[in-house]
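Here is how the chains run, residue by residue.
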Amino acid sequence: MVATFSNFGIVFLLFIAGLSLNPKLMKSIGKYLDLDTPLAMGGKLRDALQQAIKPDGRVIRSGTAPLSPAGCFSVLYGNLAPEGAVVKKSGVEPRMLVHKGPACVFDSEEDVRKFLLEKEVIPGSVLVVRYEGPKGGPGMRELSIPAAMLVGMGLHTSVAMVTDGRFSGATRGPCVGHVCPEAWDGGPLAYVKDGDPIEINIPENRIQLRISDKELQNRQKAGPIQPYHPAPGFLAAYRKTVSGADSGAIWL
């Protein structure tokens, strides 16, 4: 599966793997791993996996009998995410795998959380939360709380969320994160306006801002208006040199 992914997909999968792999899980995918990799405590990876308990095949599936043959994540591309975006499709209701709706735009996590608590959310809309990427945050905050609020409100079956921030691996619903390039770097997300139609098509790995190319170009010529997201002290240096999420959000 990894061999068919872009660099973005590989970086994202390695990040998830680093957080969640354990001996049982690694044993189930052992044939895909370099078993001669040395371990910090001595020995090699194959030594650790030989001692690991064999997975039962139900909670941790084997590589030959996956829960989802195409994997649980999808990397989406389109004019809204020219360098990619990530969605955990295994947590999306089937009816929301293809969704089109009007954008409702927010420039911070705080703004969208306040909106969810105080305003009426129109079913079918797409909540766009921007300026929360590696530079914009700064620090690429996890937007799991707004995602969980959607589930708690029963809106995850009718409302999508799109952000240049990130989500937890436990996130449910049509939540598209890691949009690249991020809004702070002048990515297309910075030019979305309330009411713009956004199409998310997970089976076709596509996310599209449904406005004309000319309209998008005119907005880009005017330039984005960055919100007040202060970066005091060393965060200013971080913002200046951190890479995009597609290359690991590495502080160079």
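Refer to the structure printed above.
A brief look at the structure comes next. (Residues numbered from 1 in each chain as written. Predicted model: local features only at pLDDT ≥ 70, side-chain atom pairs only at ≥ 80, totals over all residues. Heavy atoms only, no water.)

### Describing helix H5 (residues 144-152)
Rules: Any residue under 20% of the maximum accessible area for its type is buried, any over 50% is exposed, and the rest in between are partly exposed; the area is computed with a 1.4 Å probe on protein chains only. A run of H or I in DSSP counts as a helix once it spans at least four residues, and a run of E counts as a strand once it spans at least two, with each numbered from the N terminus.
Looking at H5, one finds that the buried residues are Ser144, Pro146, Ala147, Met149 and Leu150. Among the residues trailing H5, Gly154 stands out with phi positive, at a value near 70 degrees.

### Description of the pairing of strand S8 (residues 206-209)
Let me state the cut-off plainly: One requirement defines pairing of two strands: DSSP has to find at least two bridges between them.
Sheet topology note: the strand S7 (residues 197-201)/S8 ladder contains four bridges and is antiparallel. By the bridge assignment for S8, Asn201 is matched with Arg206. Hairpin connection from S7 to S8: four residues lie between these consecutive antiparallel strands, with Asn205 at a positive phi of about 55 degrees.

### Some words on the packing of helix H4 (residues 109-118) against H5
For the record, the criterion: Helix axes use the C-alpha atoms of the stretch in contact, all axes being lines fitted to C-alpha atoms, and the angles between their N-to-C directions lie in the range 0 to 180 degrees. If an angle is under 35 degrees, it is roughly parallel; if it is over 145, roughly antiparallel; if it lies from 65 to 115, roughly perpendicular; otherwise it is oblique. Handedness of a helix crossing follows the sense of rotation of the near helix relative to the far helix, less than a right angle counterclockwise being left-handed and clockwise being right-handed. Note on definitions: a residue-residue contact is assigned when non-hydrogen atoms from the two residues lie within 4.5 Å.
Where H4 contacts H5, the two axes come as close as 10 Å, and the packing angle between them is 20 degrees. In terms of axis orientation, H4 runs roughly parallel to H5. Crossing of H4 over H5 shows left-handed handedness. The residues of H5 that touch H4, namely those facing Glu109, Val112, Arg113, Leu116 and Leu117, are Ile145, Pro146, Met149 and Leu150.

### Overview of the state of the cysteines
How we decide: Here, a disulfide means two cysteine sulfur atoms that sit within 2.5 Å of each other.
For the structure shown, the criterion picks out zero disulfides. Here Cys72 stays free of any disulfide, with the sulfur of Cys175 as its closest cysteine sulfur at 15 Å. Under the relative-accessibility criterion, Cys72 is labelled partly exposed at 33%.

Honestly, that's just the spatial picture; any functional story needs more than this.
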